[in-house]
Structures are given as C-alpha cells and as structure tokens.
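Analysis of the macromolecular model
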Amino acid sequence: MKRTTPFPVIALALGGALVGFLLQIGLASGGRPILVPPVTLPITLAVAGAIVLTFAIPVYRAIRGPVRREVNPFRAMRVVVLAKASSLVGSLVAGFGLGCTIYVLSRAIVPEVSSLWLSIASAAGGVVLLVAGLVAEQLCALPPDDFTPET
C-alpha cells in the first residue's frame with residue numbers, strides 16, 4: 001500500500017469546499033435555511049482521530065519499540081487502511097466546513113454567529129481527523145532497515 005500523497009488530500013478538500021459552498025447557495029436560493037453543522041460533528045471527528053491513533057500506537061511500538069515483536073499483518077493492514085480512510089475523509093469534511101464558512105462570510109448580512117463558529121469548528125475537526133490519519137499512517141510504516149530487496 002502506498003502512502004497518502006498530497007494530491008488526493010488537496011483534491012478532496014477543494015471538492016468538499018466546492019460542494020459545501022454550492023450546497024449553501026442552493027439552499028439559500030431555494031428559500032430554505034442554510035445547513036448548520038451540528039455541535040457533535042467536530043467532537044466526533046476529534047474522537048475518531050484519537051481512536052485511529054490509539055490503534056496505531058501498538059503497531060508502532062511492536063515495530064520500532066525497544067522490544068520488537070511480531071505484528072499480526074492483518075491487524076496492521078486494517079489500521080493502515082483506517083488511517084488512510086481517516087485522512088481522506090478528514091480532508092473532505094475539512095473542505096466542506098471551509099466551503100460553508102466561506103459562504104457564511106461572503107454574505108452581506110451574516111447569518112447567526114453560531115452557524116459561523118460551527119462551520120469553523122467542523123473544518124477544524126476535519127483537519128484534526130486528517131492529521132491523525134496521516135500520523136497513524138506514518139506510525140505503521142516499516143522502518144527502512146527492514147527492507148529486503150527481491151532477488
């Protein structure tokens with residue numbers, strides 16, 4: 001499995017921002033209330049990031065700790081896939097929250113202040129999940145001295 005590169009992270013963030021902004025415009029032009037992210041969204045994203053790191057730390061300790069021991073490859077694979085998915089979803093949610101924030105700030109009459117702060121908090125929660133996923137992916141990487149070339 002290859003490490004997460006910047007291109008998909010940036011592309012998902014820009015796509016999420018575009019969708020968030022256009023969704024808010026569509027709702028407002030249709031006479032409906034704009035989407036306000038719930039208070040629980042950034043909290044849930046931060047907790048999910050902590051869980052991803054909690055799963056990655058034992059793999060890191062087994063690979064690079066003072067006492068090296070064998071790691072179940074299926075468990076390590078699941079943790080890496082979870083970390084990669086978390087980084088991509090975090091990027092998407094951060095972009096969506098940023099798009100909602102840009103919409104709220106671009107209005108001549110700013111809607112409720114709580115909608116602004118909740119959009120900013122959602123974007124920050126997405127960034128927390130993104131960073132946690134990237135760190136967990138790095139923690140699960142094999143050290144370079146374990147590389148054995150194929151003959």
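Located above this text is the structure these notes cover.
Summary of the structure given here.

What counts and what doesn't
- Residues numbered from 1 in each chain as written.
- Predicted model: local features only at pLDDT ≥ 70, side-chain atom pairs only at ≥ 80, totals over all residues.
- Heavy atoms only, no water.
- Axes fitted to C-alpha atoms, helices over the stretch in contact; angles between N-to-C directions.
- Helix = DSSP H or I, 4+ residues; strand = E, 2+ residues; numbered from the N terminus.
- Parallel < 35°, antiparallel > 145°, perpendicular 65-115°, else oblique.
- Left-handed = near helix turned anticlockwise from the far one by under 90°.
- Nonpolar A, V, L, I, M, F, W, Y, C, P; charged D, E, K, R; others polar.
- Buried < 20%, exposed > 50% of the residue type's maximum accessible area, 1.4 Å probe, protein only.
- Contact = heavy atoms within 4.5 Å.
- Patch = residues over 30% accessible without salt bridge, like charges linked within 9 Å, V, L, I, M, F, W, Y side chains within 5 Å.
- Areas by Shrake-Rupley, 256 points an atom, 1.4 Å probe, with all protein chains shown as cover.
- Salt bridge = Lys/Arg side-chain N within 4 Å of Asp/Glu carboxyl O.
- Core = buried A, V, L, I, M, F, W, Y, C linked by side-chain atoms within 4.5 Å.
- Expected span 1.5 Å × (residues − 1).
- Polar contact = N/O pair within 3.5 Å; in protein donor to acceptor, adjacent residues only side chain to side chain.

This part takes up the packing of helix α1 (residues 6-29) against helix α3 (residues 73-106). Between α1 and α3, the least distance of the axes is 6 Å, while the angle of their chain directions is 40°. Overall, the two elements α1 and α3 adopt an arrangement that is oblique. Considering only the axes of α1 and α3, their crossing is right-handed. Looking at side-chain class alone, the contact of α1 with α3 contains 16 nonpolar, seven polar and no charged residues.

Turning to the environment of Glu137, a few remarks are in order. As for its placement among the helices and strands, Glu137 is situated in helix α4 (residues 113-139). Under the relative-accessibility criterion, Glu137 is labelled buried at 7%. C-alpha of Glu137 to C-alpha of Pro111: the two residues are 26 residues apart in sequence and 39 Å apart in space. Setting aside its immediate chain neighbours within four residues, Glu137 contacts Lys2, Arg3, Thr4, Ala83, Lys84 and Ser87.

Side chains of Val39, Ile43, Val47, Ile51, Phe55 and Leu82 sit close together on the surface and give an oily, nonpolar patch of about 510 Å² of accessible area. With four residues, helix α2 (residues 40-64) is the largest single contributor of residues to the nonpolar patch. Looking at the element boundaries, Val47 is found in helix α2. Relative accessible area serves as the criterion here: at 43%, Val47 is assigned to the partly exposed category.

Moving on, we come to the nonpolar core. Core analysis: the largest hydrophobic core is formed by 11 residues, namely Val52, Ala56, Val59, Ile63, Ala76, Val79, Val80, Ala83, Ala136, Leu139 and Cys140. Among the secondary structure elements, those contributing two or more residues to this core are α2, α3 and α4. Residues contacting Ala83, with those up to four places away along its chain left out, are Val52, Gly133, Ala136 and Glu137.

Glancing now at the side chain of Ser115. Tracing the chain through its elements places Ser115 in helix α4. Residues contacting Ser115, with those up to four places away along its chain left out, are Val36 and Val104.

Before going further, it helps to spend a moment on α3. Look at α3: 49 Å from first C-alpha to last across 34 residues, which is about the 50 Å you get at 1.5 Å a residue. The N-cap residue of α3 is Asn72: its side-chain oxygen and the backbone nitrogen of Phe74 are 3.1 Å apart.

Tracing the chain through its elements places Gly20 in helix α1. It is 16 Å that separates the C-alpha atoms of Gly20 and Val127, two residues lying 107 residues apart in sequence. Those residues in contact with Gly20, other than ones at most four positions away along the chain, are Phe96, Gly99 and Cys100.

Right, let's get into the packing of α3 against α4. Running from N to C, α3 and α4 point in directions that differ by 160°, and their axes come no closer than 7 Å. When the interaxial angle is binned, α3 and α4 end up roughly antiparallel. Seen along the crossing, α3 lies across α4 with a hand that is left-handed. Looking at the contact of α3 with α4, its residues break down into 16 nonpolar, 11 polar and two charged.

Relative to the helices and strands, Trp117 is located in helix α4. C-alpha separation for the pair Trp117 and Arg61, spaced 56 residues apart in sequence, amounts to 38 Å.

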